[in-house]
Amino acid sequence: MEELDSEPTVTLIPGVNSRKKQMCFDWGPGEMLVCETSFNKKEKSDMVPGCPFIHIIRKNEDVYSQILRKLFNESHGIFVGLQRIEEELTGKSRKTQLVRVSKNYRSVIRACLEEMHQLAIAGKDPAIGRQFSIQVSSLSAMELIWNLCEILFIEVAPAGPLLLHLLDWVQLHVCEVDSLSADVLGSENPSKHERFWNLVTVLVLQGRLDEARQMLSKEADSSPTSAGMCRILGDLMRTMPVLSPGNTQTLTELELKWQHWHEECERHLQDGTFASSPHLESLCKVMLGEEAALLEQKGLLSTWYHFLVTRLLYSHPTVKPTDLHFYAQSSLDLFLGGESSPEPLDNILMAAFEFDIHQVIKECSIALSNWWFVAHLTDLLDHCKLLQSHNLYFGSNMREFLLLEYASGLFAHHSLWQLGVDYFDYCPELGRVSLELHIERIPLSTEQKALKVLRVCEQRQMTEQVRSICKILAMKAVRNNRLGSALSWSIRAKDAAFATLVSDRFLRDYCERGCFSDLDLIDNLGPAMMLSDRLTFLGKYREFHRLYGEKRFVDAASLLLSLMTSQIAPRSFWMTLLTDALPLLEQKQVIFSAEQTYELMRCLEDLTSERPVRGEPDAQQLQDDDVETTKVEMLRLALARNLARSIIKEGSLEGS
C-alpha cells in the first residue's frame, strides 16, 4: 500500500479526556459513535465515566450545510448531463462542450461563494460568522484551482492566448481592486486621494492598462506639472502590444513589436523622463518587468501567483505552457523570500503549473474538507482523456474511486442520498455493489421515503434489496396492526413465509371480530394468492363469504368443503369452517349432498378425535369446553338431519 504523506489530524472531542479514560467507539457508514468507558487507565478505584455523553463524529460535515447542499444539488445536474452527452462529444465541438461544462461548474461554485459571503457579513453570532468565513475561503480556493485547471488542462491554451487567460484568472480572483476603485473614484478629488497611486499601480499590475490611463488623465488634469509625464506613460500603456483574441498576428510578430516597445520604455527610464515623479517612475519600472520593482509592490500583489502573471505580462508575454513551471517556481521563491513556507493552496497551484494532474487531485483531496471538488474535477478531466493511464492499486480507476467516496458521503444525509444514486450509476466497476450496500442502510423513516428507495431498487432490478425493503415495511405494518398494508408489502416482497404469518393474523382477527378488515385488498388478490397456501385459503375463504352473501349457496357449500378436504385450511380453523356450514345445513332446500355430508362428518370426527387431553382444567377452560361441546353437538345434529334429507331427496330423484 502507499504510505501516508503526513499524519492525520487529531479531532478533539469536547469534555473527553482520552489520556485518563479509555474510549470505546463504533464505526458506521458515515459516522462514528465515541464514548468514555467506566475503566480508568491509572486509578482503578474510579469507575465512573467523566463524560456521560455519547458523541457522534461525522466523516463529512459539509453535507449538512444548507448552502453547500445547493452546490451538491446544482452540480448533480451538470454531472449527469455530462455523462449523457459523452457519446455526442466528437471533434472540435468536444473541447467547446467540455469548456462549457467546466464554466457551469464554476458558476455554481461562484453562486454559493457569494451567498456564503453575504451570510458571513450578515451573521450576528461571531462563531457562525467564523464558520461561514472558513467556508468562503474554501469555496474561493476551489474556484481558483478549478479556473486554473480549466485554462491549463481543458482549454489547453497555447502561447499567447495563455497569458490572456491567466490575466483573466488573476483579475477574477484578486478582486480587492474593485472596492479600492470605488473608494477612490467616489471621493471629491480622486487624484488627491491617499490611495490614488495604489489604485493606479494595482491596475497596471493586473494588466488593466486602459483603466490605468484613465486614472493618469485625472492626475494630468489636476497637476499641470506632471501632465507631460502622464501623457508619455499613458502612450506607452496604449501602445503596449497585446495578442487580442481576434488578432491574426503571429507570435513572432508580437515578440518583435513587444521588443521595440520594451526598448522604448527602457529609453524613457534611462533618459530620466519620469525622474521628477517617483510614482510614474515606479510604474515604468513595473512595465519593464524589473523584479525588484515588482517585489516592492508585494503588498499590492498580495499573492505569488499574481506576482507570476504580472511578471510574465511584462517580461515573457509569449510564454509557452511547458515553461510555466519554471517561472512559477522562481516566482514563488522570490515572493516568499524564505520568510515562510508554502501553504497547501500554493502546492496545489504549483502542481497545476507543473501539469501534474494527479498531484493536483492528491493535494486537493488532503486539503479540502469534502470530496465534491476532486470527484467532479477528476470526472471532467477523465472526459478530457487526461487520466486514462492512471489506475489505482486496489482495482478501480481514480475517477471511480473519488466518485464512490463522494456518493458515499451523500448517502449519510437524509435527502441527498438520491443524488448519490446517480453517481453510483456512472461507476461501471464498483458502482452497483456500492449502491446495494449503501441503499440497505438508508433509514426508512416514512413510507414515502421507503417508496422512493423502492423505486430506485426496482428501476435497477435490485431484487434482493426490493425484497428486504418490503419485508421491513411489512414488519412495521404488522407492529402497527395495519394488516392490509403488511399483506401488500409481503406480496410485493414475494415472501411466502411472511404472507402466511399475515394471513394467520387476518384469520385470527376474523375469529375474534367476526368480520374481515381490508376487504378490497383480499377481494383483489388475483394470482398473488398463490404465493402461499395460507394466503390462498384466505382468498378462497373470503370468496366463500362473498358467494354466501350473494345467496349462491350451492357454490358456497362446494367451496367450503373443498377448502377442508384439500388440506389448504389449517386444522385450527376447521371448527370455524364447520360452524360456517351450519346455516347451509339448516336451509330449507338441501345444499349438501349425501356424499358431501359424509365428508363433513368425517372432518368433524377427525377434529374431535385429535383434541388434546388436558390436566386439571380451570373455570375458563371448563367454560370453553362447554361451548366447544355445544358446537359439536349442534353440528352432529345438523349433519344427521341434512344426511337424512339428502338421502330422501336423492332416493326420490332416482325413483322418478
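Residues numbered from 1 in each chain as written. Predicted model: local features only at pLDDT ≥ 70, side-chain atom pairs only at ≥ 80, totals over all residues. Heavy atoms only, no water.

## Considering the overall build of the protein
The cut-off we apply is this: Put simply, DSSP marks the helices as runs of H or I at least four residues long and the strands as runs of E at least two long, and each gets a number from the N terminus on. The buried label applies to any residue whose accessible area, calculated with a 1.4 Å probe on protein chains only, is under 20% of its type's maximum; exposed applies above 50%, and partly exposed to all values in between. Only the protein chains shown count as cover for residues, with accessible areas throughout obtained via the Shrake-Rupley method and a probe of 1.4 Å.
The secondary structure content of the protein amounts to 30 helices and 3 strands. Expressed as a percentage of the 656 residues in the protein, the buried residues total 45%. Surface exposure of the protein reaches about 34,600 Å², of which carbon and sulfur atoms provide 53%.

## Regarding the state of the cysteines
The criterion, for reference: Disulfides are defined as pairs of cysteine sulfur atoms found within 2.5 Å of each other.
Tallied over the full model, the rule gives 0 disulfides. Free of any disulfide, Cys149 has its nearest cysteine sulfur in Cys364, 6.8 Å distant. Accessibility expressed as a relative area gives 1% for Cys149, which makes it buried.

## Some points on the side chain of Gln206
Convention followed: In this description, contact between two residues means that some pair of their heavy atoms is separated by no more than 4.5 Å.
Considering the arrangement of structural elements, one finds Gln206 in the loop between α6 (196–205) and α7 (209–222). Not counting residues within four places of it along the chain, the set of residues in contact with Gln206 comprises Leu167, Val170, Gln171, Val174, Val177 and His306.

## Here we look at unusual backbone geometry
One non-glycine residue, Val156, lies in positive phi territory at about 50 degrees. Counting through the fold element by element, Val156 comes out in the loop between α3 (126–155) and α4 (161–173). Unlike most non-glycine residues, Phe355 shows phi in positive territory, near 60 degrees.

## Regarding the packing of aromatic side chains
For any pair of aromatic rings, the description consists of the separation of the ring centres together with the inter-plane angle of the planes. The condition that has to hold: Only Phe, Tyr and Trp rings are paired, with Trp represented by its six-membered ring, and only when their centres lie within 6.5 Å; those with planes under 30 degrees apart are stacked, over 60 edge-to-face, the remainder tilted. Charges are assigned to positions over rings by a cutoff of 6 Å between ring centre and Lys NZ or Arg CZ, combined with an angular limit of 35 degrees from the ring normal.
Scanning the entire structure with this criterion turns up 18 aromatic pairs. Considering the side-chain rings of Phe79 and Tyr426, the 6.0 Å spacing of their centres and the 80 degrees angle between planes classify their relative orientation as edge-to-face. Linking Phe79 in helix α1 (residues 66–84) with Tyr426 in the loop between α19 (417–425) and α20 (431–439), this pair joins segments that are 347 residues apart in sequence. Between the aromatic rings of Tyr105 and Trp372, the centroid separation amounts to 6.3 Å while the plane-to-plane angle is 80 degrees, which identifies the pairing as edge-to-face. With Tyr105 in helix α2 (residues 91–122) and Trp372 in helix α17 (residues 372–383), this residue pair connects regions lying 267 residues apart in the sequence. The exposure class of Tyr105 is buried, given its relative accessible area of 0%. By way of ring pairs, the aromatic residues Phe72, Phe79, Tyr406, Tyr423 and Tyr426 are connected into one cluster. Directly above the aromatic system of Phe335 lies the positively charged group of Lys298, at a separation of 5.3 Å from the ring centroid.

## Remarks on the nonpolar core
For the record, the criterion: To form a nonpolar core, buried Ala, Val, Leu, Ile, Met, Phe, Trp, Tyr and Cys residues must be joined to one another through side-chain atoms within 4.5 Å. Domain delimitation follows an automatic or database domain assignment.
Ranked by size, the top nonpolar core spans 186 residues in total, and within it Leu71, Trp169, Leu233, Trp304, Phe353, Trp372 and Phe373 carry the most contacts. A total of 13 residues in this core trace back to one element, the largest contributor, which is α3. Here this core gathers at least three residues from each of two domains, domain 2 (178–301) and domain 3 (551–610 + 619–655). Those residues in contact with Leu71 that sit more than four places away from it in its chain are Val108, Ile109, Cys112, Leu139, Met142 and Trp372.

## A closer look at the packing of helix α9 (residues 251–270) against helix α13 (residues 304–315)
Let me state the cut-off plainly: Where helices are involved, their axes are fitted lines through C-alpha atoms of the stretch in contact, as for all axes, and angles between N-to-C directions lie from 0 to 180°. Roughly parallel refers to an angle under 35 degrees, roughly antiparallel to one over 145, roughly perpendicular to one between 65 and 115, and oblique to any angle outside these ranges. Side-chain classes follow a simple rule in which Ala, Val, Leu, Ile, Met, Phe, Trp, Tyr, Cys and Pro form the nonpolar group, Asp, Glu, Lys and Arg form the charged group, and the remainder, Gly included, forms the polar group.
Contact geometry of α9 with α13 gives a least axis separation of 10 Å together with a crossing angle of 95 degrees. Compared by their axis directions, α9 and α13 come out roughly perpendicular. Here Trp258, Trp261 and His262 of α9 lie close against α13, whose contacting residues are Leu313, Tyr314 and Ser315. Its residues placed into classes, the contact of α9 with α13 shows 4 nonpolar, 2 polar and no charged.

## Some remarks on the packing of α17 against helix α18 (residues 398–410)
Packed helices, taken two at a time, are described by the angle between their axes plus the distance between the axes. What counts, and what does not: Note on convention: the crossing is left-handed when the near helix lies turned anticlockwise from the far helix by less than a right angle, right-handed when the turn is clockwise.
Running from N to C, α17 and α18 cross one another at 150 degrees; their axes reach a closest spacing of 9 Å. Looking at the two axes, α17 sits roughly antiparallel to α18. As for how α17 packs across α18, the hand of that crossing is left-handed. Touching Trp372, Val374, Ala375, His376, Thr378, Asp379 and Asp382 of α17 are Met398, Arg399, Leu402, Leu403 and Tyr406, all from α18.

## Focus on helix α27 (residues 553–565)
This is how it is decided: A helix is expected to span 1.5 Å for every residue after the first.
Its 13 residues give α27 an end-to-end C-alpha distance of 18 Å, which sits within 8% of 18 Å, the value for a rise of 1.5 Å per residue. Here α27 has its buried residues at Phe553, Ala556, Ala557, Leu559, Leu560, Leu561, Leu563 and Met564. The elements touched by buried residues of α27 are α26 (533–549), α28 (574–585) and α29 (594–609). With its phi angle positive at about 65 degrees, Gln567 sits one or two positions after the end of α27.

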